[in-house]
Amino acid sequence: MCAPEHGVLACCCGSAACSCCCNCCPKMKQSTGTRIMYAIYFLLVTVICVIMMSPTVVGQMRGQFPTLCENLNAGEDCKTLVGYSAVYKVCFGMSCFFLFFAIFTIRVNTSTGCRAAIHNGFWLVKFVLLVACCAGGFFLPQEETFLEVWRYIGAVGGFLFLLIQLMLLVEFAHRWNTNWSSGVSYNRMWYAALALVTLLLFTAAVGAVAFMGFFYTHPEACLLNKIFLGINGSLCLVVSLLAISPCIQKLQPTSGLLQPGVISVYVMYLTFSAFSSKPKEGECEIGGVNQTVCVFPFNSGTESDKKIVTGLGTIILFGCVLYSCLTSTSRRSSAALRVCRNSEPEAERARCCFCFGDDTEDFDEEKTGSGQNVVYDEREGTIYSYCYFHFVFFLGSLYVMMTVTNWFHFDNHKIEKLLEGSWSVFWIKMASCWVCLVFYMWTLVAPMVCPKRFEA
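Residues numbered from 1 in each chain as written. Predicted model: local features only at pLDDT ≥ 70, side-chain atom pairs only at ≥ 80, totals over all residues. Heavy atoms only, no water.

Under an unreviewed UniProt entry, the name given to the protein chain is Serine incorporator 5, and the organism recorded is Salarias fasciatus. Database annotation for the protein chain, UniProt heading Subcellular location (unreviewed entry): "Cell membrane". The UniProt entry for the protein chain carries this comment under Sequence similarities (unreviewed entry): "Belongs to the TDE1 family." (UniProt positions renumbered as here; feature names shortened; annotations may be inferred.)

What follows is the structure, encoded as structure tokens:
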């Protein structure tokens, strides 16, 4: 993403903004380009962690490069470069990288200072620093003590990131409804769009309940699945009725069924993911024949089916982490995480793609040339909190580390078994369902409990 010709040097080794080399690309804001560059760094390290947890990939590398492990002094079968301990060390380096920049950019409110220039530029230098941090993790003394302590630090950071992700989902649902509702006053088509999307969301949620009731329950087994499916389905119904109740409508006129529709679909997805992550309950004798019950067909299918599901799960993981890291740092989302209303009401303009909307729009200065134009949107002040941005990526690094290593079941874990049974993963995802519902219910009742905090 570097600018062409002499801009490459200024981008990689100086404070100039980076952009694509092709001038046919649409113009990009400096704040957006900076966040994308950090996201690319984050994604590169995450891919390396996934590879380290895949003995299949390492085996293929050894087959093509038989002397690779010996030349790297990585031991037999590259054992020091694979497994959960290697992932812990690499993620330790990435976490230190983002934590350092979180501390380094504390109270940076303008993009004209030297700290802001380092944050927005010097990409080659920062890449070298990131590589050095990740490599340095392999030279830490007292490895066993480090892994034990870092595991619990990772668990705490991963839980915090998961909470931020759930709060962002609630904020996303409210923002979606508010944005589209603002268009109803001048175009009734937005009302039709709201109704259609709401219908689709609840259809998907009800369909998910029926799907899980068919595949993950059985009249003679799977009592735990029946209980949790009933609880989560009932809670989704409760929050839907609460959202359109007169007491909520009086204080929040824009509250409708779109928000609980989004929440219900996500809760059903987490419920399905939790059921898929639960260890198999074994075989049950039905009609004199032993049968494996309460499992998704993929779990008993071919290896290619499992690889497809694992690949989809990994892509979903990347998407959720990057969305949370990039969107949680905007001014609007940061205010939403504090569960408060902005001091000045914002004028909404209904649009289909609103989730990555601009915090502000009036910027005239651009960098013109043979490459992509860059809009310098931080002349008067920072668009997002640099410190909080890096801190969210720090927590995201810990979340990736714990997820890739299967949280507390890490000893013989492989990336190919990402979706196989683990009680710790099951309870984490099930608890996430309830936390998400609690967050949403709080946003509904908070104006009644704390009216002064929510005064416009």
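> Got a minute to help me understand the overall build of the protein chain in this structure?
Looking only at helices and strands, the protein chain has 16 helices and five strands in total. The buried share of the protein chain, reckoned over its 456 residues, is 46%. Contacts spanning at least 24 positions in sequence make up 77% of the contacts within the protein chain whose residues lie at least 6 apart. Surface exposure of the protein chain reaches about 22500 Å², of which carbon and sulfur atoms provide 66%. (Helix = DSSP H or I, 4+ residues; strand = E, 2+ residues; numbered from the N terminus. Buried < 20%, exposed > 50% of the residue type's maximum accessible area, 1.4 Å probe, protein only. Contact = heavy atoms within 4.5 Å. Areas by Shrake-Rupley, 256 points an atom, 1.4 Å probe, with all protein chains shown as cover.)

> Whenever I open this one, the packing of aromatic side chains confuses me. Can you help?
Two measures describe an aromatic ring pair: the distance that separates the ring centres and the angle between the ring planes. Per the stated rule, a full pass over the model turns up 35 aromatic pairs. A ring pair is formed by F211 and F272, whose centres lie 6.1 Å apart and whose planes are at 65°; its orientation type is edge-to-face. Residue F211 is located in helix α9 (residues 189–215), and its partner F272 is located in helix α12 (residues 258–277); the two are separated by 61 residues in the primary sequence. The partly exposed category is assigned to F211, whose relative accessible area is 29%. Positioned above the aromatic ring of Y191 is the side chain of R188, whose terminal nitrogen or guanidinium carbon lies 5.3 Å from the ring centre. (Phe/Tyr/Trp six-rings, centres within 6.5 Å; stacked < 30°, edge-to-face > 60°. Lys NZ or Arg CZ within 6 Å of the ring centre and 35° of its normal.)

> Honestly, the environment of N406 in this entry has me stumped. Any pointers?
Considering the arrangement of structural elements, one finds N406 in the loop between α15 (386–404) and α16 (423–449). Assessed through its relative accessible area of 5%, N406 is described here as buried. Separated by 19 residues in sequence, N406 and V425 have C-alpha atoms that sit 7.1 Å apart.

> What exactly am I supposed to notice about the pattern of salt bridges here?
When charged atoms on two side chains of opposite charge get close, those side chains can pair. For the coordinates displayed, the defined rule picks out one salt bridge. Across the pair R151 and E148 runs a salt bridge whose closest N-O atoms are separated by 2.8 Å. One end of the pair, R151, and the other, E148, are both in helix α8 (residues 143–181), three residues apart, so they sit about a helical turn from each other. With a relative accessible area of 9%, R151 lands in the buried category. (Salt bridge = Lys/Arg side-chain N within 4 Å of Asp/Glu carboxyl O.)

> Sorry if this is basic, but what is going on with the nonpolar core here?
Nonpolar side chains tend toward joint burial in soluble globular proteins. Judged by nonpolar contacts, the single largest core of 52 residues is most densely connected at F98 and M401. For this core, the secondary structure elements donating two or more residues are α2 (30–52), α5 (84–104), α7 (123–136), α8, α13 (303–327), α15 and α16. Those residues in contact with M401, other than ones at most four positions away along the chain, are V87, Y88, C91, W150 and G154. If you look at the next biggest cluster of nonpolar residues, it comprises 37 residues, including L201, V239, L270 and L444. (Core = buried A, V, L, I, M, F, W, Y, C linked by side-chain atoms within 4.5 Å.)

> Any chance you could explain a nonpolar patch on the surface here in plain terms?
Where nonpolar side chains cluster on the molecular surface, the patch consists of I40, L44, L124, F127, V128 and V131 and spans about 490 Å² of accessible area. Breaking the nonpolar patch down by element, the ones donating at least two residues are α2 and α7. It is α7 that provides the largest number of residues to the nonpolar patch, a total of four residues. When you line up the elements, V128 lands in helix α7. (Patch = residues over 30% accessible without salt bridge, like charges linked within 9 Å, V, L, I, M, F, W, Y side chains within 5 Å.)

> Would you mind going over the packing of α12 against α16 with me for this structure?
For any two helices packed against each other, one specifies the crossing angle of their axes together with the interaxial distance. α16 packs onto α12 with a crossing angle of 170° between their chain directions and a minimal axis gap of 8 Å. What the angle tells us is that α12 and α16 run roughly antiparallel. Residues Q259, P260, I263, Y266, V267, L270, T271, S273, A274, F275 and S277 of α12 form the contact with α16, whose participating residues are V425, F426, K429, M430, S432, C433, C436, L437 and Y440. Counted by class, the contact of α12 with α16 contains 14 nonpolar, five polar and one charged residues. (Axes fitted to C-alpha atoms, helices over the stretch in contact; angles between N-to-C directions. Parallel < 35°, antiparallel > 145°, perpendicular 65-115°, else oblique. Nonpolar A, V, L, I, M, F, W, Y, C, P; charged D, E, K, R; others polar.)

> Whenever I open this one, unusual backbone geometry confuses me. Can you help?
Most peptide bonds take the trans form, and the phi angle of most residues other than glycine is negative. One non-glycine residue, R107, lies in the positive phi region at around 60°. Residue position: R107 is located in the loop between α5 and α6 (114–120). Phi is positive for F122, close to 55°, though the residue is something other than glycine. Structurally, F122 can be placed in the loop between α6 and α7. What makes F122 partly exposed here is its relative accessible area of 25%.

> Got a minute to help me understand the state of the cysteines in this structure?
Every disulfide links exactly two cysteines, by a covalent bond between their sulfur atoms. As enumerated under the stated definition, the model contains zero disulfides in all. Left unpaired, C236 is separated from the closest cysteine sulfur, that of C433, by 8.1 Å. In this model C436 remains outside any disulfide bridge; the closest cysteine sulfur is found in C433, 7.9 Å from its own. (Disulfide = S-S within 2.5 Å.)

> Explanation requested: the confidence of the model for the protein chain in the structure shown.
Residues shown with low pLDDT carry predicted positions that ought not to be read at fine detail. Residues with a pLDDT of 70 or more make up 65% of the protein chain, whose mean pLDDT is 76. A low-confidence stretch, residues 299–306 stays under pLDDT 50, and its non-local contacts, those more than four residues away or across chains, total seven contacts. Here residues 339–346 is modelled with pLDDT under 50, and outside its nearest four sequence neighbours on either side it reaches 12 contacts, counting other chains as well. (pLDDT = per-residue confidence, 0-100.)

> Honestly, the packing of α2 against α15 in this entry has me stumped. Any pointers?
As a packed pair, α2 and α15 sit with axes 11 Å apart at the nearest point and diverge in direction by 15°. With respect to their mutual orientation, α2 and α15 come out roughly parallel. In this structure, the crossing between α2 and α15 has a hand that is right-handed. Where α2 abuts α15, its residues R35, Y38, A39, F42, T46, C49 and V50 lie against F389, H390, F393, G396, S397, V400 and V404. Its residues assigned to classes, the contact of α2 with α15 shows nine nonpolar, four polar and one charged. (Left-handed = near helix turned anticlockwise from the far one by under 90°.)

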